[in-house]
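Next come the chains, spelled out residue by residue.
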Amino acid sequence: MEFVAFVGENINPKEELLLFLEEDILQHLKGLQTLQGKGYSIGIINKHLLNHFNHRFEKTPFSYLYTFTIPLETPHLLCFSAGSSKLPKAVLRTHTSWISSFSIQQQLLEYPMNTKSLIIGKLSHSLHFFGLLESFHRNQLPEVLPVFSPKRFFELCRKNPPDLLYATPAQLWLLVKYHEQIACPSVSTLKFILLGGARVQPALISAFQKIAPRAAIRVFFGATETSYISFKKADDPVDSVGKLCPGVAVQILDKKHQFVPNGTTGFIWVKSNQLLSKIILGSDTIDRNQEGYVCIGDRGYLDDSNHLYFKGRNDQVVTVAGQKISLDALEETLKSLLNTEEIAVINIPDLVKENELYILVSKVINQEIKKNIRFELQTRFGSFVVPKKIISVSKWPLLASGKTNRTQLKKIALG
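These lines cover the structure that appears in this document, whether it is placed above or below. Just so it is clear, the structure is predicted and the values come from calculations on it, not from any experiment.

**Topic: the packing of helix H1 (residues 2-10) against helix H3 (residues 29-37)**
Orientation of H1 relative to H3, taken along the N-to-C sense of each, is 25°, at an axis distance of 9 Å. Classified by the interaxial angle, the pair formed by H1 and H3 is roughly parallel. By crossing handedness, the relation of H1 to H3 is classed as right-handed. Along its contact with H1, which presents Phe3, Val4 and Val7, the element H3 presents Gly31, Leu32, Thr34 and Leu35. In terms of residue class, the contact of H1 with H3 is built from five nonpolar, two polar and no charged.

Here it is, written out as structure tokens:
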């Protein structure tokens, strides 16, 4: 392929990072696979981020290929965080750290090397880019559905059945709703489903298991900066995010970096061979210690059997009328009450209460249900969390990463 030859002649893999524009890269996956196999440092970027960081990149003769000069002693990969409520960060990780994550996935799922993957989402986001490179690592070319559509998903599964699916809870929920409405055939060929999300409602897994009856559904907990921290199996405690992955060590520390006992919530510090090297675009808010552990602001606790329990992210804790509340905790409660993944609690700054809370949900709910929601929240958390408004959203906004678009929901709440 022409651009592969150009790269080989003009670009030193130890001195420059290659960035491919996702809008044009699907037709060049084999070339991308070749370059990654040769040890080049690569990443995939979308137009929005390219425009935002444009001053950092140099154009090549190809419309889909850019370079970013950054000295690298070893091959790296660049992936972007989801950016649910702010601009995504560009995270740099070594090839070695990615291969460690691939090995953990292979060890826990035990699937054949020729397993055919399906990726539903833009390749510039970390989960989908991970799925692409994991297939490359097994010398496979995955099927990619760059724009998520339930209809296209079921059509593709019928024409070219995949074995392994990478998905987010919001995407799975949309597939369940579409399947119920259209009554399309189940996807009996799916054998493995990797579901990214801190906590996933058991009802969602049960509902999708009817669509893919032969699939082993595994929920993983982690982040772009850490990759896999824990995997959840069917027999793990329902409110946990599973057991720690092989080779992953976790410390639960308080604000003063002191250990807390098992069962006590603190900050989750992670150490493994899957950690990032650094963040090269966007703000770096990661805490690091001398022992090699990192903390990205997640809170939770461990039990005596090494099950991890996620209790929310630090940037999702807001103050309302002088009281701190985790928006993650509110959302998990509401998901259980309303049996949906399409729900979000948005905080809007307020001069009197510091923040006002708005609940947005995809379901059409009447006044009686709204009254029940307010009562349940007041009973469980206190009167200060009673929302100012409960808003039904006809079309739930998703990012290209497959996660909820909180920025768009905030606009809806203010509108």
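**With respect to H3**
Among all positions in H3, only Leu29, Gly31, Leu32, Gln33, Leu35 and Gln36 are buried. Looking one or two residues past H3, Gly39 carries a phi angle of roughly 95°, positive in sign.

**What about the sheet that holds strand S3 (residues 58-59)?**
If you trace the seven strands from one edge of the open sheet to the other, you get S3-S4-S1-S2-S5-S6-S16, paired in mixed fashion. Only two strands of the sheet have a single partner each, and these edge strands are S3 and strand S16 (278-281). Where strand S6 (residues 90-94) and S16 come together, three bridges link them in antiparallel fashion. Considered in S16, the bridge of Ala90 is made with Leu281. Strands in contact with helix H6 (residues 126-137) are strand S2 (42-45) and strand S5 (76-80); relative to S5, the strand with the most contacts, it is inclined by about 145°.

**Concerning the pairing of strand S14 (residues 249-253)**
The buried fraction of S14 amounts to four of the five residues, a majority that puts the element mostly inside the structure. Sheet analysis places S14 next to strand S15 (residues 266-271), joined by five bridges and oriented antiparallel. Within S15, the residue paired with Leu253 across the bridge is Phe267.

**Observations regarding the sheet that holds strand S24 (residues 354-361)**
The strands that make up a sheet pair up through hydrogen bonds in the backbone, lying either parallel or antiparallel. Pairing within the open sheet is mixed, and its three strands lie in the order S23-S24-S25. Bordering the open sheet on either side are strand S23 (343-350) and strand S25 (389-392), each of which pairs with just one other strand. Strand after strand, the sheet turns through a mean of 25° between neighbouring axes, direction not considered. Sheet topology places S23 next to S24; eight bridges connect them, and they run antiparallel. Counted as the bridge partner of Ile346 is Tyr358 from S24. Along the sheet, helix H10 (residues 327-338) makes contact with S23 and S24, crossing S23 at roughly 140°. Helix H12 (residues 406-414) rests against S23, S24 and S25 of the sheet, and its axis sits at about 60° to S23.

**Describing the pattern of salt bridges**
The full count for this structure, using the stated rule, is 11 salt bridges. Linking Lys191 and Asp163 is a salt bridge whose minimum nitrogen-to-oxygen distance equals 3.0 Å. Taken together, the residues Lys191 in the loop between helix H8 (169-182) and strand S10 (192-196) and Asp163 in the loop between helix H7 (150-159) and strand S9 (164-167) connect sequence positions 28 residues apart. The buried category is assigned to Asp163, whose relative accessible area is 16%. The shortest N-O distance in the salt bridge between Lys177 and Glu342 comes to 2.9 Å. Of the two residues, Lys177 is situated in helix H8 and Glu342 in the loop between H10 and S23; the sequence distance between them amounts to 165 residues.

**Section: the environment of Tyr111**
Along the chain, Tyr111 falls in the loop between helix H5 (95-109) and strand S7 (117-120). Sequence spacing of Tyr111 and Lys191 is 80 residues, and the spatial spacing of their C-alpha atoms is 8.7 Å. Non-local contacts of Tyr111, meaning those with residues more than four positions away in its chain, are made with Gln105, Gln106, Glu134, Arg138 and Phe192. Reaching out from Tyr111, the side chain makes a polar contact with the side chain of Glu134 at a distance of 2.5 Å.

**A closer look at unusual backbone geometry**
With glycine set apart, most residues show a phi of negative sign, and most peptide bonds adopt trans. A positive phi angle, near 55°, is found at Glu110, a position not held by glycine. Note on placement: Glu110 falls in the loop between H5 and S7. Despite not being glycine, His257 shows a phi value in the positive range, around 65°. Examined against the element boundaries, His257 turns out to sit in the loop between S14 and S15. Residue His257 is classed as partly exposed on the basis of its relative accessible area of 44%.

Thresholds applied
Along every chain, residues carry numbers that run from 1 in the direction the sequence is written. Whole-chain, interface and lining totals are the exception, using all residues; otherwise, since this is a predicted model, local features are given only for residues with pLDDT of at least 70 and side-chain atom pairs are given and counted only at 80 or more. With hydrogens and water set aside, each side-chain value is computed from the structure's full complement of heavy atoms. For helices, the fitted axis covers only the stretch in contact; all axes are lines through C-alpha atoms, and the angles between them, taken along N-to-C directions, range from 0 to 180 degrees. A run of H or I in DSSP becomes a helix once it reaches four residues, and a run of E becomes a strand once it reaches two; helices and strands are each numbered from the N terminus. We call two directions roughly parallel when the angle between them is under 35 degrees, roughly antiparallel when it is over 145, roughly perpendicular when it lies between 65 and 115, and oblique otherwise. Helix crossings fall into two classes, left-handed where the near helix is turned counterclockwise from the far one by less than a right angle and right-handed where it is turned clockwise. Between two residues, a contact is recorded if the distance between any of their heavy atoms is within 4.5 Å. When residue character is reported, Ala, Val, Leu, Ile, Met, Phe, Trp, Tyr, Cys and Pro are called nonpolar, Asp, Glu, Lys and Arg charged, and the others, Gly included, polar. Relative accessible area decides the class of each residue, using a 1.4 Å probe on protein chains only: under 20% of the type maximum gives buried, over 50% gives exposed, and in between gives partly exposed. In short, DSSP must find at least two bridges between two strands for them to pair. We count a salt bridge whenever a side-chain nitrogen from Lys or Arg sits within 4 Å of a carboxyl oxygen from Asp or Glu. A 3.5 Å cut-off defines polar contacts: any pair of N or O atoms within that distance qualifies, except that in protein one atom must be a possible hydrogen donor and the other a possible acceptor, and neighbouring residues in sequence count only when both atoms are side-chain atoms.

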